[in-house]
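Chain residues, written in single-letter form:
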Amino acid sequence: MPESATIPTTNPTIVDLRPMIPPERHAMVFAALEALAPGATFVLINDHAPIPLLQRIKQNWPDRFNAEFLADGPEVWQVAITRNSA
C-alpha cells in the first residue's frame, strides 16, 4: 500500500466514519457505494485501517470498485474508492 497518492481532480464526496459508532459504519459505506456513479470516487476516512471492510467490498462487489490508499495511518486512514466505469 502506498503512503500517499493523488485523487482525481474532481472533488470527491467525503465519507468520514470517525464520528460514527462502529455498527453504523459499514452500512454508511455500503450506501455510499450503491450511490456512486460509474467512474466517480468517494474518499473514506477512518480511525483505523479499513482492511476487513475493503475485503468485504471486494467479496460482495467483485471487480466493481477500486480502492487506493491516500493516507495509511497511524491516526487517520484515507482511501479513495472509485466505481469502475464498465
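First things first, this report covers the structure right here in the doc. (Residues numbered from 1 in each chain as written. Predicted model: local features only at pLDDT ≥ 70, side-chain atom pairs only at ≥ 80, totals over all residues. Heavy atoms only, no water.)

1. Here we look at the sheet that holds strand β4 (residues 77-83)
Part 1: What the four strands build is an open sheet, ordered β1-β2-β4-β3; its pairing is mixed. A single partner strand is all that each edge strand has here, and the edge strands are β1 (13-16) and β3 (65-72). On average, adjacent strands in this sheet sit at an angle of 25 degrees to one another, irrespective of strand direction.
Part 2: Bridging between strand β2 (residues 41-46) and β4 involves six bridges; their strand directions are antiparallel. (Pairing = 2+ DSSP bridges. Helix = DSSP H or I, 4+ residues; strand = E, 2+ residues; numbered from the N terminus. Axes fitted to C-alpha atoms, helices over the stretch in contact; angles between N-to-C directions.)

2. A look at the packing of aromatic side chains
Two aromatic rings, taken as a pair, are described by how far apart their centres are and by the angle between their planes.
Part 1: As enumerated under the stated definition, the model contains two aromatic pairs in all.
Part 2: Ring geometry for Phe30 versus Trp61: centroids 5.4 Å apart, planes at 55 degrees, classification tilted. Here Phe30 is found in helix α1 (residues 22-35), whereas its partner Trp61 is found in the loop between α2 (51-60) and β3, with 31 residues between them in sequence.
Part 3: Trp61 sits in the buried class, given a relative accessible area of 12%.
Part 4: Ring geometry for Trp61 versus Phe65: centroids 6.1 Å apart, planes at 90 degrees, classification edge-to-face. (Phe/Tyr/Trp six-rings, centres within 6.5 Å; stacked < 30°, edge-to-face > 60°. Buried < 20%, exposed > 50% of the residue type's maximum accessible area, 1.4 Å probe, protein only.)

3. Regarding the nonpolar core
Part 1: In terms of nonpolar packing, the biggest core is built from 19 residues, with Val29, Leu33, Phe42, Leu44, Ile57, Phe65 and Ile81 touching the most fellow members.
Part 2: Those elements giving two or more residues to this core turn out to be α1, β2, α2, β3 and β4.
Part 3: No other element matches α1, which puts four residues into this core.
Part 4: The residues contacting Val29, other than those within four sequence positions of it, are Leu17, Phe42, Leu44, Leu53 and Ile57. (Core = buried A, V, L, I, M, F, W, Y, C linked by side-chain atoms within 4.5 Å. Contact = heavy atoms within 4.5 Å.)

The analysis is restricted to geometry; functional conclusions fall outside its scope.
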